[in-house]
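Fold and contact review
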Amino acid sequence: QVQLQESGPGLVKPSQTLSLTCTVSGSSVITNHYNWHWIRQSPGKGLEWMGVINIDGSTYYNPSVKSRCSVARDTSKNQFSLQLSSVTPEDTAVYYCAAGVVTGGSSCPQTFYWGQGTQVTVSS
């Protein structure tokens, strides 16, 4: 059973880079069963999908964060990561990593398995 755990600092200063890691167990990050996503949630904005990395290493991002967002994977550690640069208080949210179930050669997930989420506050 795939399990995911977010980790990283809970406080980031404005203009700096938010960096989070998702540790995956129960599956390799190199698999045709899942692709790997970052999603965030705030009371004012609700759920916001941020980006994904696929088995071939291709990445895609929400236009709302594309210019600032990078998703990568580390196969040796079975992890994938999120970096969000030039953060502002508007980036304060609970950040989730998620495994998207993909089938039939499509990269569009049928459903998600979620991590617990981690609160990140952007403040000086």
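Everything that follows concerns the structure shown earlier in this document.
An account of the accompanying structure is given in this report. Here the residue index of a chain counts from 1 through its sequence in written order. Local features in this predicted model are restricted to residues of pLDDT 70 or higher, and side-chain atom pairs are both shown and tallied only at a pLDDT of 80 or more, whereas totals for entire chains, interfaces and linings draw on every residue. To obtain the side-chain values, all non-hydrogen atoms of the structure were used and water was disregarded.

Helix and strand content of the protein chain: zero helices and 11 strands. By the criteria applied, helices consist of DSSP H or I runs no shorter than four residues and strands consist of E runs no shorter than two, each listed in order from the N terminus. In the protein chain, the succession of α and β elements from N to C terminus is β-β-β-β-β-β-β-β-β-β-β. For a compact globule the rule gives 2.2 Å times the number of residues to the power 0.38, and the radius of gyration it is set against comes from C-alpha atoms. Its C-alpha radius of gyration of 14 Å places the protein chain within 12% of the 14 Å reference for a compact globule of 124 residues. Projected onto its principal axes, the C-alpha coordinates of the protein chain cover approximately 45 × 25 × 25 Å. Here's how the labels work: a residue is buried when its accessible area is under 20% of the maximum for its type, exposed when over 50%, partly exposed in between, all with a 1.4 Å probe on protein chains only. Residues classed as buried in the protein chain amount to 40% of the 124 residues present.

What follows deals with the nonpolar core. If you look at soluble globular proteins, the nonpolar side chains tend to sit buried side by side. Core analysis: the largest hydrophobic core is formed by 28 residues, its most contacted members being Leu4, Leu18, Trp36, Trp38, Phe80, Leu82 and Tyr95. The set of elements that each furnish at least two residues to this core consists of β3 (18-25), β4 (34-42), β5 (46-53), β7 (69-74), β8 (79-84), β9 (93-101) and β11 (118-122). It is β9 that provides the largest number of residues to this core, a total of five residues. Joining through side-chain atoms within 4.5 Å is the link that ties buried Ala, Val, Leu, Ile, Met, Phe, Trp, Tyr and Cys residues into a set, and such a set is a nonpolar core.

Strand pairing in a sheet relies on backbone hydrogen bonds. The paired strands run either parallel or antiparallel. Between any two strands, pairing holds if DSSP finds at least two bridges. The strand order β1-β3-β8-β7 describes an open sheet built from four strands, whose pairing is antiparallel. Each edge of the open sheet is held by one strand with a lone partner, namely β1 (3-7) and β7. Geometrically, the sheet is characterised by an average inter-axis angle of 20° between neighbouring strands, direction not taken into account. The angle between two axes is taken between their N-to-C directions and runs from 0 to 180 degrees, where each axis is a line fitted to C-alpha atoms and a helix contributes only its stretch in contact.

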